[in-house]
Number of protein chains: 2
Amino acid sequence: MSLTTITVKMSQFWSKLVHELVPYTPGEQPQIDGLIKLNTNENPYGPSPKVLAAIAAANSDTLRKYPDPNASHLKQALAADSGLDINQVFVGNSSDEVLAHVFKGLLKQDAPLLFPDLTYSFYPVYCKLFEIDSVQVPLDENFEIDIDAYDQECGGIIFANPNAPTGIALPLSKIRLLARRHPNRVLVIDEAYVDFARESAVSLISEFDNILVTQTFSKSRSLAGLRVGMAYGQAHLIEALERVKNSFHPYALDSLALAGATASLQDNNYFTQCIERINQTRAKTISSLEAIGFNVLPSQANFILARHQTQAASELFTFLRSNKIIVRHFAHPRINNFLRISIGSDDEMQTLVDVLSERCRSTS
Amino acid sequence: MSLTTITVKMSQFWSKLVHELVPYTPGEQPQIDGLIKLNTNENPYGPSPKVLAAIAAANSDTLRKYPDPNASHLKQALAADSGLDINQVFVGNSSDEVLAHVFKGLLKQDAPLLFPDLTYSFYPVYCKLFEIDSVQVPLDENFEIDIDAYDQECGGIIFANPNAPTGIALPLSKIRLLARRHPNRVLVIDEAYVDFARESAVSLISEFDNILVTQTFSKSRSLAGLRVGMAYGQAHLIEALERVKNSFHPYALDSLALAGATASLQDNNYFTQCIERINQTRAKTISSLEAIGFNVLPSQANFILARHQTQAASELFTFLRSNKIIVRHFAHPRINNFLRISIGSDDEMQTLVDVLSERCRSTS
């Protein structure tokens, strides 16, 4: 069988759209002993002991039963935590899934969706999947969102805030302006990293009927392994997401994820302490890297985007890997001389700085 | 604010399609003490103790990390269990999610999808969600699939086998014929209940490049609470599902679900024993119901579809509910005089039969 025959066979049964998909490339999850893994913005600290206890309690014969399709307990806990009503809260199997429903249910419109040229790289993938036109609006020369650049006809706006992979946060005052300038379009603020930042757009929801905020348990709540994400917005926006979700899979969250996520919200003390530690480590890491010749963007996330003044990022990436440290390097031309480095534990970051100091000293 | 204003406000931000969605209605999950719940085909027996042990082992600090996006261990275990290669196996967050990807990735074609007028009621919901034309092909007068009725132009064929809510299975010999008659279209066999039946279409996969089989851990493996489903097919079909999934959410299964599902496949002894018990209870229940005036379709699933010769199903449904027994009653005109009753434990089914005997004696 020739290669051509195989290719034809591979695709003749596919829906037309499948040929055009360009799936998202997640950061790798290698299983290597002693690896320092700073590539997917995982929390260096485990989840609250109360989370583990709640999961242990749910790990029983009752797994034979379906979970609550409405996730009522979890939604109630999120509503209480955020000061919103339960019908202003949506949950899904990861914030990626929540975002998928947002694209399908709110952002597919008769005008193009706007998002920054540098932001969560899943957005263009969703646009392909749901056949949504989009325009990428360049970040300014400081890698910041310029809200005036969004003064154009659009079907909606989405960006991560703090933005990824820059770590830079757009202040609420500017989000307010954007929402006012586009009163008939939904403005989606993807707050995957907001707990490491100074302010959240959730406080704007009572004021704006067109702001939707997505968040996740994966980073600040140390539960990437549990796949729980959420969205906050006025009830009419949440209703669109519920309709899509209940046309896709009604029981999106399993019983263990529901139990663990709900318990996490009942231990905000532990949560706050972890965040403080990570933010302190972030400040210390930035200082250390600047001292050996790095420029670091002002991050409000649990990662930093850093460029060395003389060393090529691609070479530093390979060098770190050979020292069992993995970080993320993106091919996008505007940032291909940067490394995105997750904030790990103090020890992990000290090892990173030591390894990089050695390299930067020996070659400069 | 008038009702009209509210309605307009509710919808102005939605994607056009959202207005047209008719979400699936899952069986209710009421929290009532002492309830006998025979409405969602849950297994009366809990999962294998090995499943609980594997979940307990995974319930640790490692939840801070992302799960394996490729679910390699689970896929390997499924491949070994089914005698297929790993690239012939797909997994997702419930078989509902797997089916959603199947509709999007394989069944959206330039001709209508065919499925029975009576089958899993989620299929028309997916057709709306993914804008797929469909034709519902009536089951014959015995509620069986008549494969000759599928001799028409189509973009694909899907049905549950054993079918739901009838419980009746189409023999493999007829599936083989169907697959041969539609060599350029995908034939999807939704085997959610196959472990309670005599034969699976997985054995046809090596022979047919157009057969895709979906299954679930929810029923026979007692893991409805864990949300794990799978699909089997030749690699070119699986590749379409992977592309859609990796454009939707790469980490579909959480770490606990991966651990539990994988462990379930390592205890087939327990699994087989539970199925034997349920099938014995099914046979006994059918005899008992027939003795009090019910006609029961010949089920190969863990539920039965039964009609009383004189009592209206809607009244029996209400009567059972007032006795703290919930079953399922569908509005579809062809079966609105039937009840779908999940097979519970021997005790639960005995209570059901006792309660119904009382009623059928007192009013006949």
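Residues numbered from 1 in each chain as written. Chains lettered and ligands numbered in written order. Predicted model: local features only at pLDDT ≥ 70, side-chain atom pairs only at ≥ 80, totals over all residues.

Trainee: Give me helix 6 (residues 172-181) of chain B: which residues, what numbers.
Mentor: Residues and elements named next belong to chain B. Burial in helix 6 covers these residues: I175, L178 and A179. Taken end-on, helix 6 shows its buried residues confined to a sector of 95 degrees, consistent with a single buried face. Projecting away from the buried face of helix 6 at angles above 90 degrees are the exposed residues S173 and R180. Here the buried face of helix 6 lies against strand 5 (156-160), strand 6 (187-190) and strand 7 (211-216). (Buried ≥ 20, exposed ≤ 12 C-beta atoms within 10 Å, placed from the backbone. Helix = DSSP H or I, 4+ residues; strand = E, 2+ residues; numbered from the N terminus. Arc of directions from axis to C-beta. Contact = placed C-beta atoms within 7 Å.)

Trainee: Go over the domain arrangement of chain A, please, and point to the residues and values.
Mentor: All names here are of chain A. We note that the domain assignment places domain 1 (28-46 + 269-363) and domain 2 (49-266) within chain A. One C-alpha centre belongs to domain 1, the other to domain 2, and the line joining them spans 26 Å. Taken together, the contact pairs 24 residues of domain 1 with 19 residues of domain 2. When contributions to the side of domain 1 that touches domain 2 are tallied by element, the ones reaching two or more residues are helix 9 (268-291) and strand 10 (303-308). For the side of domain 1 that touches domain 2, the leading source of residues is helix 9, giving 5 residues. (Domains from an automatic or database assignment.)

Trainee: Describe the relation of the copies chain A and chain B, naming the residues involved and giving the relevant values.
Mentor: Rotating chain A by 180 degrees and moving it 0.0 Å along the rotation axis overlays it on chain B with an RMSD of 0.0 Å. Here the two chains are linked by the operation of a two-fold rotation axis. Residues of chain A ranked by C-alpha distance from the rotation axis are headed by A56(A), positioned 3.3 Å from it. Taken together, the interface assignments show that 99% of the residues at the interface of chain A recur at the interface of chain B, consistent with an identical surface on both copies. (Least-squares fit on C-alpha atoms with pLDDT ≥ 70 in both.)

Trainee: Lay out the sheet that holds strand 2 (residues 89-92) of chain B in plain terms, naming residues and giving numbers.
Mentor: All names here are of chain B. Strand order across the open sheet formed by 7 strands is 2-8-7-6-5-3-4, with mixed pairing between neighbours. The outermost strands of the open sheet, each flanked by one partner alone, are strand 2 and strand 4 (134-137). This sheet shows a mean twist of 20 degrees between the axes of neighbouring strands, independent of strand direction. Here 4 bridges tie strand 7 to strand 8 (residues 229-232), and the two strands are oriented antiparallel to one another. Within strand 8, the residue paired with T216 across the bridge is G229. Across the sheet, helix 4 (residues 95-107) touches strand 2, strand 3 (113-116), strand 5, strand 6, strand 7 and strand 8, and the angle it forms with strand 7 is around 160 degrees. (Pairing = 2+ DSSP bridges. Axes fitted to C-alpha atoms, helices over the stretch in contact; angles between N-to-C directions.)

Trainee: Give me the lowdown on the confidence of the model for chain A, citing residues and values where you can.
Mentor: All names here are of chain A. This prediction gives chain A a mean pLDDT of 95; 96% of its residues lie at or above 70. Scored below 50 in pLDDT, residues 1-8 shows 1 contact in the model against residues more than four places distant or in partner chains. For this predicted complex, the interface confidence reaches an ipTM of 0.95, while the overall pTM sits at 0.95. (pLDDT = per-residue confidence, 0-100.)

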